[in-house]
Amino acid sequence: MRFGTLLLFALPLAAVAQRKPVAARVDSVLSLMTLPELVGQTNQYNGFWNATGPMPAGNEWVEQRVKALKQGGVGSVLNVAGVDQVRALQKVAVEETRLGIPLIFGLDVIHGYQTLSPIPLAEAASWDLEAIKRSARAAALEATADGINWTFAPMVDISRDPRWGRVMEGAGEDPYLGARIAEARVRGFQGDNLSDPTTLAACLKHFAGYGFPVSGKDYHTTDYSAHTLYNWILPPFEAGVKAGAATVMNAFSAANGIPATGDSALVWGELRRRMGFGGVLVSDWGSIGEMIPHGYARDLRDAADRALAAGCDIDMESDAYLRHGVELARSHPADSLRFREAARRILTLKFELGLMDDPYRYCRATKPDVRAEAYDMAVRSSVLLQNKGVLPIGSVLVGLTGPMAAEKNGVLGNWRVSAKDQSAQSLAEAVEGRCWTYAASAPHSVGQEAFHAELTLNAADTKANDAALKALRKHDVLVLAVGEHGYESGEGRSRASLRLSAVQQDLIRKAYKTGKPVVLVVYAGRPLVLEPWIQEGAAAILWAWQPGTLGGQAVVDVLCGKSEPYGRLPMTFPRSEGQIPIHYDAFSTGRPGPKSEVFWSHYTDESNAPAYPFGYGLSYTSFAYENLQVREAPGGWSATVTVRNTGARSGSDVVQLYVGREGNGQIYPVKSLKAFKRVVLEPGSSAAVELELPREALTQRDGQGRSIPFTHGTLRITVGPNSAEGLTWTTNLIP
Ligand code: NOJ
């Protein structure tokens, strides 16, 4: 008896069932299921054949997977997209399996689907929660029209290590900003109602600690204290869970001697019990099987057993549950129960997504146009790091060069499963028709550009650099588009050196020698290290990240002053790689210094200061912060500061509130972000900006996970334009 058939032929029963609460409907489906079918729901496969064409004959691997699908051995798939493909595969699940339970279609819709927004780290730089929510909503609109109903986003991993390529996918280093962005993204993807066919189920990932890989290498063991776990790593997950995230994904990494996919205490203690997460927990790709090379599980059966005990509901591509699940369940009553509970959560999600009532509801004929949202986000994400008055560029002759200037691929970012190659509008295209001339410089990379392959850099061929600068010798200002290709950051793309390539440095050096003002537009998936000579020689530096499909126009509009530079850094920029991990919310240490002798916490060959601090970003105008007043308010404090636009243009600034705490029986970061608000000001005008600090925001968890309220000691409130500047108010709390 198929579930689809049941709907067709037992309509009165189905109608009654539809009025029942989801839990009761899930129970009735569960009661129809055999053990292999229960286990089948927990198996997730990557797209395995072109479902609209004939099955490839003689391909045993595909045949085995199709067989599993028809036997009810697949509950969800990933990387199957497009109305035709989704419909065809769903038809097999609905019409050719015994119960006809539909599949969920998951995909990495990370910063857009076919139309790409800037990378998530760039979006975080906007500090604009509404814009971030709109961007996630736009991605959901576009992806759901193509049959997708689940995105593996947002990544909420806090990281302080720009060597780790995946920082491009997160919201940076700060747990408060990270938590607010996690909420915004979850709400943007999911909307108010998961069964609305224009929304996607969100997935908070990677649970937990993946952003702390030892030595910055992706997939590596992670190392962090319990204190770091509770106060930095978990808060964005908690915020995402509270915002209603339907799913969570395990991390690839291991900590404290246990791979995250097998970490029962973390999942049951923190995610399920403390945060109250009742949704679906999915493994990362193959992360159940990877517990074997981690040295943790004996074999795939053991790995399946451990992952199941650790609450992992869906096995993404390890084939561990499908191969060993039935046998495990038959030999251990606890495992049998666990599969049933996992299937219950998965079926609940299927009901909530509306798939049980209409398996094809996400396949719409028309695609929405979301380019306006992608442009808007690109305008809001670039960060002006330096400006000696050359920006915004007025009516002068501009020479544009640099390997990223005509780039239509690398500027899309790393996660673009469904976007077409070469589909971004380049900077060179966007300036056509203006008084700008583009001249090609030496290429940045040579050969293949692909998601799964290393990018090969042009290591030495600088010939075109000389030619480009010669062609632009009559121009007043040079704009150099340099940086990283999208395939230099992201998964599997850790870097030991964060410098611009030698060929790009050659171009910059030669451009500086012309004596013309040189504007650097840096495209990157992470903070990079710009040597002092590069910073000092630049007339301006605009950090454009990887701005996505509409990035060309957005960057030109910022350079020319049609839009203001809006972004502020969500990660600290190091002066050199040796400072990493570097973050603004560090502890004071017992020897903070600076001291005239050597015995304090510092480097002998580098400053402790970053190149650019967290929260930093310039505007085309300037702001003064005056008159900080703090008063006790019900439940906390209220800080008011006057911000004055002291420049000649209108503009906006992100007013940031940080706290410092001492003397409460624990150590606290020197500064922690606790609130922020954007203020828009006309030249000469000022505004009183009020920020709330709830008392519970001062609570910190100790190494045992207990919440310790801040009841006594020194409290410092600093309000300013970034984590390194501001006005400070201090009080002593007496218990
Ligand atoms: C591996 C990545 O770590 C994860 O973030 C992603 O969602 C899955 N692959 C699926 O593509």
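Residues numbered from 1 in each chain as written. Predicted model: local features only at pLDDT ≥ 70, side-chain atom pairs only at ≥ 80, totals over all residues. Heavy atoms only, no water.

Near the ligand there are 13 residues, and of these Asp108, Arg166, Lys205, His206 and Asp284 occur at the shortest range. The separation between an oxygen atom of the ligand and a polar side-chain atom of Arg166 is 2.6 Å. A distance of 2.5 Å separates an oxygen atom of the ligand from a polar atom in the side chain of Asp284. When the free accessible area of the ligand is taken as 290 Å², the share hidden by the protein chains comes to 95%. (Near = heavy atom within 4 Å. Polar contact = N/O pair within 3.5 Å; in protein donor to acceptor, adjacent residues only side chain to side chain. Areas by Shrake-Rupley, 256 points an atom, 1.4 Å probe, with all protein chains shown as cover.)

With that settled, consider the packing of aromatic side chains. Using the criterion set out here, one finds 23 aromatic pairs in the structure. An angle of 80° between the planes, with centres 6.0 Å apart, marks the rings of Tyr512 and Trp533 as edge-to-face. Placement of Tyr512 in helix 18 (residues 502–513) and of Trp533 in helix 19 (residues 532–537) is noted, with a sequence separation of 21 residues between them. Among the residues examined, Tyr512 registers a relative accessible area of 17% and is labelled buried. A relative accessible area of 28% means that Trp533 is categorised as partly exposed. Residues Trp543 and Trp545 carry aromatic rings whose centres are separated by 6.5 Å and whose planes lie at 75° to one another, so their mutual orientation is edge-to-face. Considered together, Trp543 and Trp545 belong to a single accessibility category, that of buried residues. These aromatic residues form a ring-pair network of at least three members: Trp127, Tyr176, Tyr584, Phe614, Tyr658 and Phe676. One Lys or Arg, Arg65, reaches over the ring of Tyr45 and ends 3.7 Å from the middle of that ring. Above the plane of the ring of Tyr658 lies Lys671, whose end atom (NZ or CZ) is 5.7 Å from the centre. (Phe/Tyr/Trp six-rings, centres within 6.5 Å; stacked < 30°, edge-to-face > 60°. Helix = DSSP H or I, 4+ residues; strand = E, 2+ residues; numbered from the N terminus. Buried < 20%, exposed > 50% of the residue type's maximum accessible area, 1.4 Å probe, protein only. Lys NZ or Arg CZ within 6 Å of the ring centre and 35° of its normal.)

Moving on: the pairing of strand 3 (residues 104–107). Across the two faces of strand 3 the burial is the same, with Ile104 and Gly106 and Phe105 and Leu107 all buried. Where strand 2 (residues 76–78) and strand 3 come together, 3 bridges link them in parallel fashion. Bridging across to strand 3, Leu78 finds its partner in Gly106. In this region the chain leaves strand 2, passes through helix 6 (residues 83–96) and returns to the parallel neighbour strand 3; the handedness of that crossover is right-handed. Where strand 3 and strand 4 (residues 150–151) come together, 2 bridges link them in parallel fashion. Bridging across to strand 4, Leu107 finds its partner in Thr151. (Pairing = 2+ DSSP bridges. Right-handed = clockwise from strand over helix to strand, strands pointing away.)

With that settled, the discussion passes to the domain arrangement of the chain. Domain annotation of the chain identifies domain 1 (378–579) and domain 2 (623–733). One C-alpha centre belongs to domain 1, the other to domain 2, and the line joining them spans 34 Å. Each partner contributes residues to the interface: domain 1 has 5 residues there, and domain 2 has 7 residues. When domain 1 packs against domain 2, close to 520 Å² is buried across both sides, 35% of that on carbon and sulfur atoms. At the junction of domain 1 and domain 2, the tally comes to 1 salt bridge. Arg568 is the salt-bridge partner of Asp653, the closest N and O atoms lying 3.0 Å from each other. Across the contact surface, domain 1 and domain 2 share 5 residue pairs in polar contact (both at pLDDT 80 or more). For the side of domain 1 that touches domain 2, the per-class residue count stands at 2 nonpolar, 1 polar and 2 charged. (Domains from an automatic or database assignment. Contact = heavy atoms within 4.5 Å. Buried area = accessible area lost by both parts, 1.4 Å probe. Salt bridge = Lys/Arg side-chain N within 4 Å of Asp/Glu carboxyl O. Nonpolar A, V, L, I, M, F, W, Y, C, P; charged D, E, K, R; others polar.)

Let us look at the pairing of strand 12 (residues 398–401). By the alternation rule, side chains of strand 12 split into Val398 and Leu400 and Gly399 and Thr401, which are all buried. Here strand 12 runs beside strand 13 (residues 436–438); their pairing, made up of 3 bridges, is parallel. Looking at strand 13, one finds that Leu400 is bridged to Tyr438. Relative to strand 16 (residues 477–483), strand 12 runs parallel, the two sharing 4 bridges. Within strand 16, the residue paired with Val398 across the bridge is Val477.

So, on to the nonpolar core. Counting residues in hydrophobic clusters, the biggest one holds 86 residues, and the most contacted among them are Phe207, Leu520, Trp543 and Trp545. Counting residues per element, this core draws most heavily on helix 10 (residues 226–242), which supplies 6 residues. If you look at the next biggest cluster of nonpolar residues, it comprises 33 residues, including Val390, Val411, Trp436 and Val521. (Core = buried A, V, L, I, M, F, W, Y, C linked by side-chain atoms within 4.5 Å.)

So, about the packing of helix 8 (residues 129–144) against helix 15 (residues 371–381). For the pair helix 8 and helix 15, the least separation of the axes is 10 Å and the interaxial angle reads 145°. Crossing of helix 8 against helix 15: the hand is left-handed. Each of Ala131, Ile132, Arg134, Ser135 and Ala138 in helix 8 lies in contact with helix 15, whose residues at this interface are Glu373, Asp376, Met377 and Arg380. Residue composition of the contact of helix 8 with helix 15, grouped by class: 4 nonpolar, 1 polar and 4 charged. (Axes fitted to C-alpha atoms, helices over the stretch in contact; angles between N-to-C directions. Left-handed = near helix turned anticlockwise from the far one by under 90°.)

Moving on to the pattern of salt bridges. Per the stated rule, a full pass over the model turns up 47 salt bridges. Arg163 is the partner of Asp161 in a salt bridge, and the nearest nitrogen-oxygen pair spans 2.7 Å. The class of Asp161 is buried, set by a relative accessible area of 5%. Between Asp466 and Lys510 there is a salt bridge, with the nearest N and O atoms lying 3.2 Å from each other. Within this pair, whereas Asp466 is found in helix 17 (residues 463–471), its partner Lys510 is found in helix 18, the two being separated by 44 residues in sequence.

The next subject is the sheet that holds strand 9 (residues 280–282). The 3 strands lie next to each other as 5-6-9, forming an open sheet whose pairing is parallel. If you trace the sheet from one side to the other, it starts and ends with strand 5 (203–207) and strand 9, each paired once. On average, adjacent strands in this sheet sit at an angle of 25° to one another, irrespective of strand direction. Along the sheet, helix 11 (residues 264–274) contacts strand 5, strand 6 (247–250) and strand 9; its crossing angle with strand 5, the most-contacted strand, is approximately 145°.

By the element assignment, Asp702 lies in the loop between strand 24 (700–701) and strand 25 (707–708). Residue Asp702 is classed as buried on the basis of its relative accessible area of 8%. Within the structure, the side chain of Asp702 is placed 2.9 Å from the backbone nitrogen of Gln704, a separation counted as a polar contact. Residues contacting Asp702, with those up to four places away along its chain left out, are His227, Tyr230, Gln666 and Ile708.

Okay, the side chain of Gln44 next. Along the polypeptide, Gln44 turns up in strand 1 (residues 43–46). The class for Gln44 is buried, based on a relative accessible area of 0%. Leaving out residues up to four positions away in the same chain, Gln44 has contacts with Ser76, Val77, Leu78, Trp150, Phe152, Val282, Ile314, Asp315, Met316 and Glu317.

By definition, a disulfide is the covalent link that joins the sulfur atoms of two cysteine residues. Inspection of every chain in the model, using the stated rule, returns 0 disulfides. Among the cysteines around Cys560, which has no disulfide bond, Cys435 carries the closest sulfur, lying 9.4 Å off. (Disulfide = S-S within 2.5 Å.)

Following the sequence through the fold, Ala648 ends up in the loop between strand 20 (636–645) and strand 21 (651–662). Through-space distance from the C-alpha of Ala648 to that of Phe252 is 51 Å; in sequence the pair is 396 residues apart. When neighbours within four sequence positions are excluded, Ala648 is seen to be in contact with Thr621 and Pro683.

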